[in-house]
Amino acid sequence: MTTRAESAAATRRALLDAAAELLDLGGPEAVTLREVGARAGVTRGAPYRHFTGKDSLLTSVAAESWERMGDQVHALRTDPALSASEKLRGALRTLIDVGREQPHLYQVLFRRRANLPGQLGDGMDRLRRQLCGPEGDPAVAERAAERFQGEFLDIVTDLVGKRNARRYGALLLTSAHGIAGMEISGHLDTGTWNTTADELVDTLVRMVTDAGEMT
């Protein structure tokens, strides 16, 4: 017999899956609690019992995506069959592939950060927690993004050492973000730049690998 908690978890799972599908199909504008509920096949009031609004729902979708990316980079980092440069190349492509395959999700991942706990003052912070609860909490997405960044930073550390890791890590992530953005927007035209996103990633990896060998 299905318990109430199991039923609630299944409903939430269906809502998140439906939201992710709608986001891929039509962008954030296509994601409404009503449409998500209809696509998930749940009662009209069910989405409102799990999420306070569209932003809460999209934040949960983003948190799950960051977690998946963190898992992928962790798997790369701990794979003994891969060289340090192969791990870095794979980690960069993990980020860029989301931009390629799910451009609307990518934009949600890198939208302007919402206020996080401690930034609103104690009273407003309590109100935010009461309204949002653990579901759709910006801090959850923030922690998931930080986990991805931490796994990525560990890969960079193996190449350039701890002293230089943060500087090169920031350079690599901002470069990958720029590559993804240029590709999504159609401005990374091979006729103009005579290169591709994958070739740019290879260039970045070679540059950082060479820098690591010099340290």
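Notes on the structure in this doc start here. Bear in mind that the values here come from a model prediction, so they are computed numbers and not experimental data. (Residues numbered from 1 in each chain as written. Predicted model: local features only at pLDDT ≥ 70, side-chain atom pairs only at ≥ 80, totals over all residues. Heavy atoms only, no water.)

Below, the discussion takes up helix α9 (residues 162-185). In this model, α9 (24 residues) spans 35 Å end to end at C-alpha, consistent with the 34 Å of a helix rising 1.5 Å per residue. Among the residues of α9, those classed as buried are N164, A165, Y168, G169, L172, A176, I179 and A180. The inward-facing, buried residues of α9 contact α5 (84-101), α6 (103-109), α8 (138-160) and α11 (197-214). Just beyond α9, the residue with positive phi is G186, at close to 85°. (Helix = DSSP H or I, 4+ residues; strand = E, 2+ residues; numbered from the N terminus. Expected span 1.5 Å × (residues − 1). Buried < 20%, exposed > 50% of the residue type's maximum accessible area, 1.4 Å probe, protein only. Contact = heavy atoms within 4.5 Å.)

This next bit is on the packing of α5 against α11. At their nearest, the axes of α5 and α11 sit 10 Å apart, and the two run at 145° to each other. Between α5 and α11 lies a crossing of right-handed hand. Across from S85, L88, R89, L92, R93, I96 and R100 in α5, the residues of α11 making contact are A197, D198, V201, D202, V205, V208 and T209. A breakdown of the residues in the contact of α5 with α11 according to their chemical character gives 7 nonpolar, 2 polar and 5 charged. (Axes fitted to C-alpha atoms, helices over the stretch in contact; angles between N-to-C directions. Left-handed = near helix turned anticlockwise from the far one by under 90°. Nonpolar A, V, L, I, M, F, W, Y, C, P; charged D, E, K, R; others polar.)

Moving on, we get to the nonpolar core. Judged by nonpolar contacts, the single largest core of 50 residues is most densely connected at V31, V36, L57, L88, L92, V156 and L172. Breaking this core down by element, the ones donating at least two residues are α1 (4-26), α2 (33-40), α4 (54-77), α5, α6, α8, α9 and α11. By residue number, the principal contributor to this core is α8, which donates 9 residues. (Core = buried A, V, L, I, M, F, W, Y, C linked by side-chain atoms within 4.5 Å.)

According to the stated counting rule, one finds 4 aromatic pairs in the structure shown. Ring centres 4.8 Å apart and planes at 40° place the aromatic pair Y106 and F110 in the tilted group. In this structure Y106 comes out as buried when scored by relative accessible area, which is 3%. Since its relative accessible area comes to 34%, F110 is described here as partly exposed. Clustering of aromatic rings is evident, with ring pairs tying together W66, Y106, F110, F148 and F152. (Phe/Tyr/Trp six-rings, centres within 6.5 Å; stacked < 30°, edge-to-face > 60°.)

Let us now look at the side chain of T59. On the secondary structure map, T59 appears in helix α4. Owing to a relative accessible area of 7%, T59 belongs among the buried residues under this scheme. At 2.8 Å, the side chain of T59 forms a polar contact with the backbone oxygen of D55. (Polar contact = N/O pair within 3.5 Å; in protein donor to acceptor, adjacent residues only side chain to side chain.)

Relative to the helices and strands, T52 is located in the loop between α3 (46-50) and α4. A relative accessible area of 47% places T52 in the partly exposed class. Separated by 19 residues in the primary sequence, T52 and L33 place their C-alpha atoms 9.3 Å from one another.

Further remarks concern the packing of α1 against α2. Two elements in contact, α1 and α2, have axes whose closest approach is 8 Å; the angle formed by their N-to-C orientations is 115°. If you check the angle between α1 and α2, you find them roughly perpendicular. The two elements α1 and α2 cross, and the hand of that crossing is right-handed. Contacts between α1 and α2 involve A14, L15, A18, A19, E21, L22 and L25 from the first element and E35, V36, G37, R39 and A40 from the second. Per-class residue counts for the contact of α1 with α2 are 8 nonpolar, 1 polar and 3 charged. (Parallel < 35°, antiparallel > 145°, perpendicular 65-115°, else oblique.)

So far we have only geometry, and geometry alone does not tell us how the molecule works.
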